[in-house]
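# Architecture and fold: a report
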Amino acid sequence: MISDLLSVTVLIGILASGIRLATPYLYAAIGETFGQKSGVLNLGVEGQMLLGSFAAFYVTFKTGNLWLGLLTAMLVGALMGLAMAYVTVNLHAQQGISGIGFYLFGLGMSELLFQSLMGSVETIQGFPKVHIPVLSDIPGIGEIFFSQNVLVYGAYLLVPLAWFVLNKTTLGLKIRAVGENPDAADSLGVSVARVRYFTIILGGTLSGIAGASLSIALLNVFQQGMTSGQGFIAVALVYFGAWRPVGVLGGALLFSLVNSLQLWIQVLGIPIPSDIAVMMPYVLTILVLVATVSRVRAPSALSKPFERED
Amino acid sequence: MGQNPHASRYAGIKVPRYMVLALLLSGAFAGLAGAVQVFGVNYRMITDGSASGFTGGAGFNGIVAALFGQLHPIWSIPASILFGALLVGANKMQRMTQVPSALVTVLNGLVVIFVVSSEIWRRRRQRRRMAVAGSDETPPPPVDKKPQQAEAGA
């Protein structure tokens, strides 16, 4: 049976779905990276993803327009981000706890809306696979990398984009400054509040897209609580990636590939107990985190509310 | 330690050791909660493969109840009773009035957000109270009061 695992088609399948599965993590974690780089910890990502996921699904279900669904999810995520920004920046709330509050709100609201507006589980036609012209014909690699849907491509394009913004633009410099030493940034005229509002709302929007990618691109269904902790994993991935987009990419890929592996193991009937298999990605992530933790440094102002000392 | 880790370290309290101890204790309590749920409530272990399994989200609700009790151990008792009642009532509400039980989760979230957001007003009231108390001991020169009031109002 293990030999089934090593056949080429199965390996290609594992890699292709691993690449696909990383999509929501990438969107959510890159969004969270922006926020954390500016010093804000947002644990409400899971709630934003759930509400975005429902919003995208419901709008697509009702209008048949996938892009409208995606746009709605972005709007929902941005609104939740706005609320989070107000609570964090203006009210100086404890960020970890307010994040949990937003998580519960998103969880409950998505369930509430699902129960009142839909009632039963439906499926839709999600984003179709887009085969990139020449590249997707390469045997093996073509199917893995170049025959995915639009949202998957978007997620991977986001990584170099985020790296560029954070490291090569003035905005990125401001974000990093605010995250390391907001007092110094403030004294130089950078509006800490405005930068944090931007990163938090951006994070919320990306979390909304992450949720949408689940319901209208990857799974093409909405079920209550369907993210099952992916938002929290995304937050962990930011730490895992040492607050760098490349690191986040690595973490997301590691996690998703192992996840894909364990899914296929179960499908192929290989006799590993399913519970152990499900644990695998999480255990691996913890192990790698422990191994690398001493070498990374968080943004110094992370999760500390900024109050101007007059 | 929660109020001021630096001051605690200066006073000789080994901060990392007690942080680990506090985390150990809270983990132990959480494990106890799980055990109570299995032994005392359900009489068996129900797993449906979801993230919250048989706890019914009790872990997160625990955070909410603790906050509602202002993080004071004694107050967490009535707070937990309240939230337990809310959760049971939610299912009953759904059966009787067709209002979805998910409403309670939304309420949980809103409670957390509002409790955490209102901390700022409490801190400002504390600061004002301390400023007033300080000035009771010595006759306050009028010059000193204005900067304190300006800071509290900022």
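The numbering scheme is per chain: residues are counted from 1 as the chain's sequence reads. Chain letters start at A and ligand numbers start at 1, both assigned in the order the entries are written. Totals for whole chains, interfaces and linings use every residue, but because this is a predicted model, local features are given only for residues with pLDDT of at least 70 and side-chain atom pairs only at 80 or more, for both listing and counting. Heavy atoms from the whole structure form the basis of all side-chain values; hydrogens and water molecules are not counted.

## Re the overall build of chain B
The test is simple: Strands are runs of DSSP state E lasting at least two residues, helices are runs of H or I lasting at least four, and both sets are numbered from the N terminus onward. Categorising residues by exposure relies on relative accessible area from a 1.4 Å probe, with only protein chains included: less than 20% of the type maximum marks a residue as buried, more than 50% marks it as exposed, and the intermediate range marks it as partly exposed. Residue burial considers only the protein chains on display, and all accessible areas are found by Shrake-Rupley using a 1.4 Å probe.
When its secondary structure is counted, chain B shows seven helices and zero strands. Mapped from its N terminus to its C terminus, chain B presents α and β elements in the order α-α-α-α-α-α-α. Looking at the 154 residues of chain B, the share that counts as buried comes to 19%. Carbon and sulfur atoms make up 67% of the accessible area of chain B, which totals about 11200 Å².

## Looking at the nonpolar core
Residue and element names in this part refer to chain A. Selection criterion: Buried Ala, Val, Leu, Ile, Met, Phe, Trp, Tyr and Cys residues form a nonpolar core when they are joined through side-chain atoms within 4.5 Å. Throughout, a contact is declared for two residues whenever any of their heavy atoms are within 4.5 Å.
Residues Tyr-27, Ile-30, Leu-151, Ile-216 and Leu-237 are the most contacted members of the largest nonpolar core, which totals 84 residues. Top contributing element to this core by residue count: helix α10 (residues 192–218), with 11 residues. Leaving out residues up to four positions away in the same chain, Ile-216 has contacts with Ala-56, Phe-57, Thr-60, Leu-66, Gly-69, Leu-70, Ile-124, Gly-126 and Phe-127. Formed by five residues, the second largest nonpolar core is a distinct cluster that contains Ala-16, Ile-19, Ile-144 and Val-152.

## Description of the interface of chain A and chain B
Applicable threshold: Accessible area that two parts lose when put together, evaluated with a 1.4 Å probe and summed over both, is termed the buried area. For salt bridges, the criterion is a side-chain nitrogen of Lys or Arg within 4 Å of an Asp or Glu carboxyl oxygen. For this classification, the nonpolar set comprises Ala, Val, Leu, Ile, Met, Phe, Trp, Tyr, Cys and Pro, the charged set comprises Asp, Glu, Lys and Arg, and every other residue, Gly included, is treated as polar.
At the interface, 23 residues of chain A touch 24 residues of chain B. In total, chain A and chain B occlude about 1900 Å² of area from one another, counting both sides; carbon and sulfur atoms represent 76% of this. The largest share of the area that chain A buries against chain B comes from Leu91(A), Ile97(A) and Leu104(A), three residues that together contribute 27% of it. Our count for the chain A to chain B interface comes out at zero salt bridges. The biggest single contributor to the side of chain A that touches chain B is helix α5 (residues 95–118) of chain A, with 14 residues. Of the residues contributing to the side of chain A that touches chain B, the split by class is 13 nonpolar, eight polar and two charged.

## Description of the packing of aromatic side chains
As a reminder, the rule being used: Planes of paired rings set the category: under 30 degrees apart is stacked, over 60 is edge-to-face and the rest tilted, where pairs are Phe, Tyr or Trp rings (Trp by its six-membered ring) whose centres lie within 6.5 Å.
In total, this model carries nine aromatic pairs over all chains according to the counting rule given. An aromatic cluster of at least three residues, connected via ring pairs, comprises Phe54(A), Tyr58(A), Phe114(A) and Phe222(A).

## Digging into helix α8 (residues 170–180) of chain A
Residues and elements named next belong to chain A. Test applied: This arc is taken over the directions from the axis of the helix to the C-beta atoms.
Along α8, the residues classified as buried are Gly-172, Ile-175, Val-178 and Gly-179. Buried residues along α8 cover an arc of 130° about the axis, so they all sit on one side. Where the residues of α8 are buried, they touch α2 (8–37), α7 (150–168), α9 (182–187) and α10.

## As for the packing of α8(A) against α10(A)
All names here are of chain A. Operational definition: Orientation is described by lines fitted to C-alpha atoms, with helices fitted over the stretch in contact, and by angles between N-to-C directions that extend from 0 to 180 degrees. Here the angle decides the label: under 35 degrees means roughly parallel, over 145 means roughly antiparallel, 65 to 115 means roughly perpendicular, and every other value means oblique.
Viewed as axis vectors pointing N to C, α8 and α10 meet at an angle of 105°, and their least axial separation amounts to 10 Å. Looking at the two axes, α8 sits roughly perpendicular to α10. Residue-level inspection shows Leu-171, Lys-174, Ile-175 and Val-178 of α8 in contact with α10, the latter providing Val-192, Val-195, Arg-196, Phe-198 and Thr-199.

## With respect to a nonpolar patch on the surface
As a reminder, the rule being used: Residues enter patches when they are more than 30% accessible in relative terms and free of salt bridges; like-charged ones are connected within 9 Å and nonpolar ones (Val, Leu, Ile, Met, Phe, Trp, Tyr) within 5 Å.
Together, Val20(B), Leu21(B), Leu24(B), Leu25(B), Phe29(B) and Leu32(B) line one region of the surface with nonpolar side chains, adding up to about 610 Å² of accessible area. As for its position among the elements, Leu25(B) is in helix α2 (residues 15–42).

## Notes on the confidence of the model for chain B
All names here are of chain B. The criterion, for reference: pLDDT: the predictor's confidence for each residue, scored from 0 to 100.
Taken over all residues, the pLDDT of chain B has a mean of 65, while the share at 70 or more is 46%. Mean pLDDT across the secondary structure elements of chain B bottoms out at helix α7 (residues 142–153), with 45, and peaks at helix α5 (residues 102–117), with 79. Ignoring residues within four places in sequence, the model shows residues 47–55, a span with pLDDT below 50, making 11 contacts including any to other chains. Low pLDDT, under 50, characterises residues 144–154; the stretch is placed with six contacts to residues that sit more than four places away or in other chains.

## Some words on the environment of Phe57(A)
Residues and elements named next belong to chain A. Mapped onto the elements of the fold, Phe-57 is located in helix α3 (residues 45–63). For Phe-57, a relative accessible area of 0% gives the class buried. Sequence separation between Phe-57 and Val-221 is 164 residues, and the spatial gap between their C-alpha atoms is 7.3 Å.

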